[in-house]
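# Survey of secondary and tertiary structure
Listed below are the residues making up each chain.
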Amino acid sequence: MAAPSEFLQYIDDKADAFIQRLADAVGIPSISGDAKRRGDVIKMAKWLNDQLTALGVETKFVDLGKQELDGQILDLPPAVLGKIGSDAAKKTVLIYGHFDVQPALKSDGWNTDPFTLVVNKEDGQLVGRGSSDDKGPILGWLNVLQYHHENKRPLPVNIKFCFEGMEESGSEGLDELVERESKPGGYFEGVDCVCISDNYWLNDRTPCLTYGLRGLTYFKVTVTGPGRDLHSGVFGRTVHEPMTDLIHLMGRLVDPTGKILVPGVDEMVPPADEEEKAIYKALDYSIADVQSAAGGEVALSSDKVEVLMGRMRNPSLSLHGIEGAFSEPGAKTVIPAKVSGKFSIRLVPPQTPEAVDPLVITYLKSEFAKLNSKNTLIIDNLHGGKPWVADHKHWNFEAAKKATRAVYKQEPDLTREGGSIPVTLTFAESLGVNVLLLPMGRGDDGAHSTNEKLDRSNFIEGSKLLGTYLYELAAIAK
Ligand SMILES: C[C@H](N)C(=O)N[C@@H](Cc1c[nH]cn1)C(=O)O
Ligand SMILES: [Zn+2]
Ligand SMILES: [Zn+2]
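Residues numbered from 1 in each chain as written. Chains lettered and ligands numbered in written order. Predicted model: local features only at pLDDT ≥ 70, side-chain atom pairs only at ≥ 80, totals over all residues.

- As named in an unreviewed UniProt entry, the protein is CNDP dipeptidase, taken from Coprinellus micaceus.

In structure tokens:
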């Protein structure tokens, strides 16, 4: 069933108002990883709830309990659940998204304030934290709802919504909610399929459907010893320095080619055969694409298949930062007393946090023991999630393919995403239904980076795509 032309026209006609709504959403700095911003994440939950109810969705907040963050006990932001339509003759689709964002400071290198959406008239870019990840896609669904509500048109399917405010910080509390509500009599009973718009095209020109995500395990490794920060002239070469120990440990995790040095981690993953490599070879992607998205000529290989496998089907270990280290301008001659290194490993099948974490912990301890340091090592696992791979021949994907052809007049790429959305596998396993990832933004959007943007055309055509997908779902016999 094609989407009504009236719907497509409506989305075009309302584009400026939709962009204003995106500006309102970006204006709430809902950073889940920053204790000081927890009030803003909760404000964002309320804002989203108000939008949904105004568009005819019956909603409820679900309290997800409490969390310890930076030594404080904080309320977790509530999940926002919603439902619209209960026609037994129609399919029911569950839509997931997240209203929290990654941290962003102008001083990180943004050209403009990250929480003020800048509409660039020349190149059509909508610049602001969360524009692509994941406020733009969530608002895409609101745009679809608005057409049906304002024009009193029935939706082609029943919809249930599950929006969370902790995705960027480990989705705390959400797995339990999904497992509970997927049981008979639960909120998600009757769901036929799931759609998530929370990742990105491979490049800047070809829409894609995504059937895999990497999992994640995130570590914080602390080295401490001295009772306070020390003068390096007085204590240098006199005491065991926490930073020296930590840098040694961090340097033993991954080599500059990306090889993971923790014994057994890379080895868990079987090599790709020629048939699998052919899948990557066929994708519309080039080394120029990765370098232009990265903003530098820094690809690990000049072989497209190698680079794609590095992102889609192999694990990776990234070093993120060091808490407690001197990082301001100037030349302070300090020996920091306590430093914490942060790193994470992206996991692929058959890896799981349960299988990988013990290898990492044993290795860190044995490498630390080799240092003969009198400092103390503390290892914390901050959060984790399993990888996920779906059947992309399922009717849920077929509906999305038809919608992509209709809106973009292009055949979508079929991709596996390098990022992680921890709850995806929980939806698939708890509900026993197919999950589709239907991205809105482009590979060069700069999610998690400075100057994150969503192209106006991706926001508007992407909203049409989400709506058209619902009509294509409805056309498939139940
Ligand atoms: C792909 C999705 N939009 C995303 O960015 N997910 C995050 C999830 C996460 C886990 N820990 C912190 N954030 C990601 O892949 O980094
Ligand atoms: Zn993200
Ligand atoms: Zn996201």
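### Observations regarding the site of ligand 1
- In the vicinity of ligand 1, 13 residues are found, and the nearest of them are Asp133, Glu168, Asp198, Gly419 and Ser420.
- Residue composition of the shell around ligand 1, by class: four nonpolar, four polar and five charged. (Near = placed C-beta within 6 Å. Nonpolar A, V, L, I, M, F, W, Y, C, P; charged D, E, K, R; others polar.)

### A short note on the environment of Leu414
- With respect to the helices and strands, Leu414 occurs in strand S18 (residues 413-417).
- For Leu414, a count of 17 C-beta atoms within 10 Å gives the class partly exposed.
- Sequence-wise, Leu414 and Val305 are 109 residues apart; in three dimensions their C-alpha atoms are separated by 15 Å.
- In this structure Leu414 touches Cys208, Leu209, Tyr211 and His392, once residues within four positions along its chain are discounted. (Helix = DSSP H or I, 4+ residues; strand = E, 2+ residues; numbered from the N terminus. Buried ≥ 20, exposed ≤ 12 C-beta atoms within 10 Å, placed from the backbone. Contact = placed C-beta atoms within 7 Å.)

### Remarks on the UniProt feature "binding site: Mn(2+) 2" (unreviewed entry) in the protein
- Taking the numbering used here, the UniProt-annotated feature "binding site: Mn(2+) 2" (unreviewed entry) corresponds to His98, Asp133 and Asp198. The largest pairwise C-alpha distance within this set of annotated residues, which runs over 101 residues, is 8.3 Å, so the set is compact in three dimensions.
- Position of His98 relative to the elements: it lies in strand S5 (residues 92-98).
- In this structure His98 touches Asp134, Phe163, Glu164, Gly165, Glu167 and Asp198, once residues within four positions along its chain are discounted.
- With respect to the secondary-structure elements, Asp133 resides in the loop between strand S7 (125-127) and helix H4 (135-150). (UniProt positions renumbered as here; feature names shortened; annotations may be inferred.)

### Focus: unusual backbone geometry
- With an omega of 5 degrees, the peptide bond running from Asp133 to Asp134 counts as cis.
- Looking at where Asp134 falls in the secondary structure, it is placed in the loop between S7 and H4.
- Pro350 follows Pro349 through a cis peptide bond whose omega is 5 degrees.
- In this structure, Pro350 sits in the loop between strand S15 (338-347) and helix H11 (353-370).
- With a phi angle near 70 degrees, His448 is a residue other than glycine that sits in the positive phi range.
- Looking at where His448 falls in the secondary structure, it is placed in the loop between strand S19 (434-437) and strand S20 (453-455).
- A positive phi is found at Asn451, a non-glycine position, where the angle reads about 55 degrees.

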